[in-house]
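Residue-level structure breakdown
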Amino acid sequence: MIVTILRHGEAGAAAVDAERELTPAGIDDISFGSHHFRDVCGLRGLPAPELILHSAWLRTTETADILARLFPQAQVQADAALLPSGRIAGVTQMLSLLEKSKTPSHVVLVSHQPLVSDLVDFYIGLPHSAPPLPPGGLVTVSMDVPAQSCAKLLFWAVPPEYEAGM
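In this report, we go over the structure that sits alongside the text. Predicted model, so just to flag it, every value in this text is computed and none were measured.

**Thoughts on the sheet that holds strand β3 (residues 75-78)**
Read from one edge to the other, the open sheet built from 6 strands follows the order β3-β2-β4-β1-β5-β6, with strand pairing classed as mixed. Two strands bound the open sheet, and with one partner strand each, they are β3 and β6 (151-157). Sheet twist, expressed as the average angle between the axes of neighbouring strands with direction ignored, equals 20°. Bridging between strand β5 (residues 138-143) and β6 involves 6 bridges; their strand directions are antiparallel. Opposite T140, over in β6, you have F155 as the bridge partner. Where helix α3 (residues 88-101) meets the sheet, it contacts β1 (2-7), β2 (51-54) and β4 (106-111), and its direction lies at approximately 160° from that of β4.

This is the structure in structure tokens:
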């Protein structure tokens, strides 16, 4: 399974944290980054995402929606495991259920810090092998099973250039 871990784009202020919208810069970064992500997947022969999961908070929902415009075949849905209060164990359980079904072959997880960087470090097993994810940053890994130290780093990219590392 290919898993892309994506931090939501830059968000503005709001009275309630869950209602923070993407800023214009956040929208631009995610839009540009999504195009670059699609291109890198194609160049590396990776399948297009078939499932985009996100936390139900506004900024992650907006991020997932922007990405989904470039991958219209992908299903998009909120998952409680990706909320800011989410834990590695909950995400791993959710990915295990997907892996057992053998679909999708590529899933994108849109979430928040520190969960996104914690997931990368946990699955790769080498802390800081990819940079901590800034808003709009992403890491793509390949894993046979969702477990600690069982993923291979394929590439990472961060705004503003989104030049893929690895």
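Still more ground to cover, so stick around.
**Notes on the environment of Q75**
Within the secondary structure, Q75 is located in strand β3. The class of Q75 is exposed, set by a relative accessible area of 53%. Here the alpha-carbon distance between Q75 and P134, two residues 59 residues apart in the chain, equals 25 Å. Filtering out sequence-adjacent residues up to four positions away, Q75 remains in contact with E50, L51 and I52.

**Some points on empty space enclosed by the protein**
Summed over all chains, the structure comprises 1 cavity of 30 Å³ or more. As a volume, the largest cavity reaches approximately 60 Å³. Every residue lining the largest cavity is listed: T4, L6, I30, G33, S34, F37, L67, G136, L138 and Y162. Elements represented by at least two residues in the lining of the largest cavity include exactly β1 and α1 (24-43).

**Overview of the packing of α3 against helix α4 (residues 115-124)**
Interaxial distance between α3 and α4 falls to 10 Å at its minimum, and their mutual angle equals 65°. When the axes of α3 and α4 are compared, the pair comes out roughly perpendicular. The crossing of α3 and α4 is right-handed. Note on element contacts: α4 touches α3 through L115, D118, L119, F122 and Y123, opposite I88, V91, T92 and L95.

What counts and what doesn't
- Residues numbered from 1 in each chain as written.
- Predicted model: local features only at pLDDT ≥ 70, side-chain atom pairs only at ≥ 80, totals over all residues.
- Heavy atoms only, no water.
- Pairing = 2+ DSSP bridges.
- Helix = DSSP H or I, 4+ residues; strand = E, 2+ residues; numbered from the N terminus.
- Axes fitted to C-alpha atoms, helices over the stretch in contact; angles between N-to-C directions.
- Contact = heavy atoms within 4.5 Å.
- Buried < 20%, exposed > 50% of the residue type's maximum accessible area, 1.4 Å probe, protein only.
- 1 Å grid on protein atoms, 1.4 Å probe; cavity = no way out; pocket = protein on both sides within 12 Å on 5 of 7 lines; lining within 4 Å.
- Points joined across faces, edges and corners; volume = space filled by probe spheres on them.
- Parallel < 35°, antiparallel > 145°, perpendicular 65-115°, else oblique.
- Left-handed = near helix turned anticlockwise from the far one by under 90°.

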